[in-house]
Amino acid sequence: MFKDGLRRVMAEDDPEDIRQWATATLARLGGGDTSAVMTWPESFDFTDAMLAEYARQAAMPEAQRKILSWPWSSWASRIEPLEPGMLAVITAPDGQGKTIYSEVLAEYWAKHKNRVVFVHYELNRKLMMLRRLARHTSITVRDLKAGVLPPESVNRIAAVRPMLESWEGYISYVHTPGWSMERTCAELHRLHAEGDCDVIVLDYLEKAQPSPRQAKLHMDWYQRETDNVEQLKTLAESTGIPVLMVAQMSKAGKGQGTNSVDRNAMTGSGEKSNRANLVVLLRRDRNDLAGYSSIVDVIIDKNTMGGTGTFQQQMQPQYYRVGDIA
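In this report, we go over the structure that sits alongside the text.

What counts and how
- Residues numbered from 1 in each chain as written.
- Predicted model: local features only at pLDDT ≥ 70, side-chain atom pairs only at ≥ 80, totals over all residues.
- Heavy atoms only, no water.
- Phe/Tyr/Trp six-rings, centres within 6.5 Å; stacked < 30°, edge-to-face > 60°.
- Buried < 20%, exposed > 50% of the residue type's maximum accessible area, 1.4 Å probe, protein only.
- Helix = DSSP H or I, 4+ residues; strand = E, 2+ residues; numbered from the N terminus.
- Expected span 1.5 Å × (residues − 1).
- Polar contact = N/O pair within 3.5 Å; in protein donor to acceptor, adjacent residues only side chain to side chain.

## Overview of the packing of aromatic side chains
And then number 1: For the structure on display, the rule yields 8 aromatic pairs.
And then number 2: Judged by centre distance (5.4 Å) and plane angle (40 degrees), the ring pair of W70 and W75 falls under tilted. Each of the two residues, W70 as well as W75, counts as buried.

## Points about unusual backbone geometry
And then number 1: A cis amide bond links D203 to the next residue, Y204, at an omega of -10 degrees.
And then number 2: Within the secondary structure, Y204 sits in the loop between β4 (199-203) and α10 (212-216).
And then number 3: Phi at Y320 takes a positive value of approximately 55 degrees, unusual for a residue other than glycine.
And then number 4: Examined against the element boundaries, Y320 turns out to sit in the loop between β10 (309-316) and β11 (321-324).

## Brief notes about the environment of Q64
And then number 1: Here Q64 lies in the loop between α3 (40-59) and α4 (73-76).
And then number 2: Residue classification places Q64 among the partly exposed residues on the basis of a relative accessible area of 37%.
And then number 3: Q64 sits 48 residues away from H112 along the chain, and the two C-alpha atoms are 6.6 Å apart.

## Examining helix α11 (residues 221-239)
And then number 1: End to end, α11 covers 27 Å across 19 residues, agreeing with the expected 27 Å (1.5 Å per residue, within 8%).
And then number 2: When we look at burial in α11, the residues that qualify are R224, E225, D227, N228, V229, Q231, L232, K233, L235, A236 and T239.
And then number 3: The opening residue of α11 is D220, an N-cap whose side-chain oxygen sits 3.2 Å from the backbone nitrogen of Y222.
And then number 4: G240 sits one or two residues past α11 and shows a positive phi near 80 degrees.

As structure tokens, this is what we get:
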């Protein structure tokens, strides 16, 4: 029955008609509607629409596909693209490069047609833009802030804006210092309703402040963390928006080796781990004289859409970039 339904849909002449039918069917039956029930007959329509959408995406050139895949082959070979409503977590101790990963992923998704909302509780807008410029010009933030640049550097900066503006998606930066998760989720709902939110990147969960409701209920820190994760996951599942969340790891996790560290080292790890579909841990060795290594141990510790495992990547922290090791 599924194959017959798929052939029927894919036999349509207009790819745009296929897209509209598949999108409408998936939205109607995929959990983002007011009804929580998908009947047995409706499940076949849902499956047909799902397969038709996958086939339509596969027929498109890769650069034109609006999917939440990964910019590195090391990740793409192990992790499927994010699906609607999924919660992915990147965690590491302080100073390991979590935000660099989230910035690179947000920009990759925006380049591939997605409307990304980047929630940053900590870094201010000036620093976010300086890091973005450094990433795309290979000019350090120190040099950018000096205010006196050679002509070649000025030309590189001038080339960044048209390059970023050529992307078919975009990023909305939401600076949220002092916000509660309730206020943050309300703003995300608004952006989604206005068509400006296909995926959320949140940096980082532990910086969310208590809400009046949480204070009234006398929630301690761990209870608030659980409540905040639950709010974020409910938002993702009710709207179909995938979420990439950056989470802090405890100091104990910082001293553990690659073979012993796991997602239990996340601060308030229980609810984060239970609700997450994907948990990726980052670890960099530190030398007292040289500082942190440029080699990143990447540990896929939980993955409901694929395998787990450990591999290494190369980071250029001075340019806020990360890539696979050649």
